[in-house]
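# Examining the three-dimensional arrangement
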Amino acid sequence: MMSTADLSVPWGWMGGSGAVLDCSGEGSRLHTALWTISHEKRRFAYFFGRVDDPEIQEVSFVYGYRDADDDLILHPLDTSSLTSRRTDWVRWGGRDYFVIPYDCDDRYIKENPGWFYPCVDGVPVSAATTVDSWTSTSLGD
C-alpha cells in the first residue's frame, strides 16, 4: 500500500488516501499498481508491485496512446527513470517488491491521453495490459 502522511502540529501524524496493490491473480508473474499525487502544479507517479517469477530481472513502464486508426503509439520516455532492476528490489516474506517514483510530464499526457504499459525485461507484457487504475483508500482514525 502506498499512502500519504502529513505531520500536523496539534494532531501529529495524519494519514491520507492511498493505493493498494492487488496480488490476488493466481499464476501471475507480475503484479503492478500506479498511484499518483499532485503538489501545486506538478504530478508524481509511483509505480509499485510484486514480482513472483524468479526469472524476471527487470520491470519497466512505457507510456502509450491510441491514434485515430487505433494503432498503439509508444512514447519514447526516458525508460531508465521508469526501470527497476532485481538488485534494487526489496525481499520480504519470500517475495520481491519494487517501487519506481516518476515525475510525470503532464503536458504530453494531456495532449495524448493514454496509459502506462508494464514491461518485463524490456518487453511489454501485452498491448492489452495497462497500469491505469488504482484502488483508493483512506486510513482509519
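This one's a predicted model, so the numbers in the text were calculated from it and none came from an experiment. (Residues numbered from 1 in each chain as written. Predicted model: local features only at pLDDT ≥ 70, side-chain atom pairs only at ≥ 80, totals over all residues. Heavy atoms only, no water.)

## Considering the pairing of strand 6 (residues 72-75)
Relative to strand 6, strand 5 (residues 58-66) runs antiparallel, the two being bridged by four bridges. The residue of strand 6 that forms the bridge with R66 is L72. Hairpin connection of strand 5 to strand 6: five residues between the antiparallel strands, including D70 at a positive phi of 65°. (Pairing = 2+ DSSP bridges. Helix = DSSP H or I, 4+ residues; strand = E, 2+ residues; numbered from the N terminus.)

## Observations concerning the nonpolar core
Counting 19 residues, the largest nonpolar core has F47, V51, V59, F61, F98, Y102 and F116 as the members making the most contacts within it. When residues no more than four places from it in sequence are discounted, the contact partners of F61 are T32, F47, L82, F98, I100, Y117, P118 and V131. (Core = buried A, V, L, I, M, F, W, Y, C linked by side-chain atoms within 4.5 Å. Buried < 20%, exposed > 50% of the residue type's maximum accessible area, 1.4 Å probe, protein only. Contact = heavy atoms within 4.5 Å.)

## Examining the pattern of salt bridges
Within the structure shown, the criterion is met by six salt bridges. E58 is paired through a salt bridge with R85; the nearest N and O atoms lie 3.5 Å apart. Of this pair, E58 sits in strand 5 while R85 is found in strand 7 (residues 83-85), placing the two residues 27 residues apart along the sequence. Exposure remark for R85: the relative accessible area of 41% places this residue in the partly exposed category. Salt bridges linked by common partners bring R50, D52 and R95 together as one network. (Salt bridge = Lys/Arg side-chain N within 4 Å of Asp/Glu carboxyl O.)

## Structural notes on the packing of aromatic side chains
Here the structure, examined in full by the defined rule, presents seven aromatic pairs. Between F61 and F98, the ring centres sit 6.4 Å apart and the planes meet at 40°, which makes this aromatic pair tilted. Remark: F98 occurs in strand 9 (residues 95-103) and F61 occurs in strand 5; sequence separation between them is 37 residues. Assigned by exposure class, F61 and F98 land together as buried. (Phe/Tyr/Trp six-rings, centres within 6.5 Å; stacked < 30°, edge-to-face > 60°.)

## Here we look at the environment of Y65
Take Y65: it is sitting in strand 5. C-alpha separation for the pair Y65 and I109, spaced 44 residues apart in sequence, amounts to 9.1 Å.

## A look at unusual backbone geometry
For D70, which is not a glycine, the phi torsion comes out positive at approximately 65°. In this fold, D70 is placed in the loop between strand 5 and strand 6. Of note, the phi angle at D121 is positive, near 50°, even though the residue is not glycine. Its place among the elements puts D121 in the loop between strand 10 (115-120) and strand 11 (123-124). D121 sits in the partly exposed class, given a relative accessible area of 37%.

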